[in-house]
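Read off the chains here:
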Amino acid sequence: MSIDPTLLDDLEWRGLIAHSTDLDALREALAGGSVRFYVGFDPTAPSLHMGNLVQILTAKRLQDAGHTPYALVGGATGMIGDPKESGERTLNSLDTVKEWVERVRRQIEPFLSFEGANAATMVNNYDWTASLSTIDFLRDVGKHFPVNRMLSRDVVRSRLDAGISYTEFSYVLLQSLDFLNLYRDHGVVLQFGGSDQWGNLTGGVELIRRAAGGKAHAFATPLVTKADGTKYGKTEGGALWLDAEMMSPYAFYQFWLNVEDEKVGELLRIFTFLPRAEIEEIEAEHAEKPFLRAGQRALAEHVTTLVHGPEETERIKAASAALFGGGDLATLSAATLGAALREAGSASVDGDEDLPAVVDLLVATGLAKSKGDARRTVAEGGAYLNNARVEDPDHVPGPDDLIDGTWLVLRRGKKNFAGVEVR
RNA sequence: GGCAGGUUGCCCGAGCGGCCAAUGGGAGCGGACUGUAAAUCCGUCGGCUUUGCCUUCGAAGGUUCGAAUCCUUCACCUGCCA
């Protein structure tokens, strides 16, 4: 595998380097051969999300450029909890963490290559941390961490009033130890992570210098936020999950398709592997005719393909075209409509009996979270049956409403579709 | 262990015996305007067999015709002292 000398320039152009240790030194190291690097993922949920995807894709960029990935899953750090500003985390049981470690590992693996000269390696910090004695930990690791310096970290300082446990306070030691171990045992000399990890990243670099007299590098990727600076992830149920069980690929695709104009270029650079020229072309086109949403379309298609694969993406595109095409739903066949609605979300009911009322259908399809919510939606004029506004919450659809004898198309608001299959 | 303050709906945060399903802000949701964009304006925002009923204000008891509001105990959080 040859080394791509343009890697660092590309990362900078994409805006992927928000902070870094000595960039010139890193440039030199990357030019000198396949650099062993690592990036860690803590199992704080059953699935990774948008923020983690930045790291996964960045790892792939480095591997594609000839460098050697060590993907770390935090079986140990996940037991402790990285301090966050909003407050103390709830500790998860060992069993829960172990299960999440496995799920997270399986999510990462498809993105990396485990073959060839620069094959990736999966590691779990539980392996070298679980048996570590308290005495050794305090003498060998703790001795290198001045508490005054630890206290000055932003996250820690922000927690001094509300309180922070010794457990979370110590987190940085564990992550730093990971870097030191990977440096000693595998020759890993680079770590990157999200910008919120900056303190932990530099902690490791410094530990390597103090404990092993070594030189290591680190950089942080930017925090991806909405145009107004707030966090993404307020979509249904919270974060933008990569797991298809936790967020349907259709919803995932729709998320990217609905991104603000101002963010399209930035997101294309961070989340796609499209080359610079192509991205700039899309941006120019988008700037000229934003209403065509070419940027969002390219973004949604590429990211969904990366995460859920090309076949699924094609199905979603077809579904979106059918539902948002603006044509008359009645002209669609049951097969086409069914395929689209199954992507968007659907429920089925028994056709031998009277159909449920619209409010009940809204709840059954998940478009409304309760009957009260459903009634409210109808009262607000936000409920549609086959693209016609529903006025009466107790309205019962009849046989004539069935498209191609099978489907009812429900919609809440402008863009939330769901199907009801009558059989 | 002592003293003080706190625990309210998704989040922040008012309420301090009846007018409280509970002020206000944010997020969310719907409508209008649009381009499945942003901004803006309006509405909505516990549940239900929905002009009324039910269950909520850390937990459990109690006082009262009536409690998120008063009392007791417990749990947890914060600060000061030991």
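Residues numbered from 1 in each chain as written. Chains lettered and ligands numbered in written order. Predicted model: local features only at pLDDT ≥ 70, side-chain atom pairs only at ≥ 80, totals over all residues. Heavy atoms only, no water.

Draft legend 1. Representation of the packing of helix 13 (residues 249–257) against helix 16 (residues 294–308) in the model. Two numbers describe how helix 13 lies on helix 16: the axes approach to 8 Å, and their chain directions differ by 145°. Between helix 13 and helix 16 lies a crossing whose hand is right-handed. Contact with helix 13, carried on its side by Pro249, Phe252, Tyr253, Trp256 and Leu257, involves Gln296, Arg297, Leu299, Ala300, Glu301, Val303, Thr304, Val307 and His308 of helix 16 and no other residues of that element. Across the contact of helix 13 with helix 16, the residue classes tally to 9 nonpolar, 3 polar and 2 charged. (Axes fitted to C-alpha atoms, helices over the stretch in contact; angles between N-to-C directions. Helix = DSSP H or I, 4+ residues; strand = E, 2+ residues; numbered from the N terminus. Left-handed = near helix turned anticlockwise from the far one by under 90°. Contact = heavy atoms within 4.5 Å. Nonpolar A, V, L, I, M, F, W, Y, C, P; charged D, E, K, R; others polar.)

Draft legend 2. Highlighting unusual backbone geometry. Its identity as a non-glycine residue notwithstanding, Arg293 has a phi of 60°, on the positive side. Along the polypeptide, Arg293 turns up in the loop between helix 15 (276–288) and helix 16. Given a relative accessible area of 27%, Arg293 falls into the partly exposed group. One non-glycine residue, Asp404, adopts positive backbone phi at about 55°. Its place among the elements puts Asp404 in the loop between strand 9 (388–389) and strand 10 (407–412). The exposure class of Asp404 is partly exposed, given its relative accessible area of 49%. (Buried < 20%, exposed > 50% of the residue type's maximum accessible area, 1.4 Å probe, protein only.)

Draft legend 3. Quick look at the nonpolar core. Leu11, Leu53, Ile108, Phe252, Trp256, Leu268 and Phe271 are the most contacted members of the largest nonpolar core, which totals 76 residues. Those residues within four positions of Phe271 in sequence are excluded, and the remaining contacts are Met50, Leu53, Val54, Leu57, Arg61, Val224, Trp256, Val303 and Leu306. Counting residues in each nonpolar core, the second largest holds 25 residues, with Leu72, Leu173, Leu180 and Val205 among its members. (Core = buried A, V, L, I, M, F, W, Y, C linked by side-chain atoms within 4.5 Å.)

Draft legend 4. Representation of the environment of Leu207 within the structure. Along the polypeptide, Leu207 turns up in helix 12 (residues 198–212). With 77 residues separating them in the primary sequence, Leu207 and Ala130 have C-alpha atoms 20 Å apart.

Draft legend 5. Main features of the packing of aromatic side chains. Here the structure, examined in full by the defined rule, presents 7 aromatic pairs. Centre to centre, the rings of Phe192 and Phe219 are 5.1 Å apart; their planes meet at 10°, and the pair counts as stacked. Taken as a pair, Phe192 in strand 5 (residues 190–194) and Phe219 in strand 6 (residues 217–221) lie far apart in primary sequence, 27 residues in all. For the cation-ring pair, Arg61 lies above Phe273, with the distance from its terminal atom to the ring centre recorded as 4.5 Å. (Phe/Tyr/Trp six-rings, centres within 6.5 Å; stacked < 30°, edge-to-face > 60°. Lys NZ or Arg CZ within 6 Å of the ring centre and 35° of its normal.)

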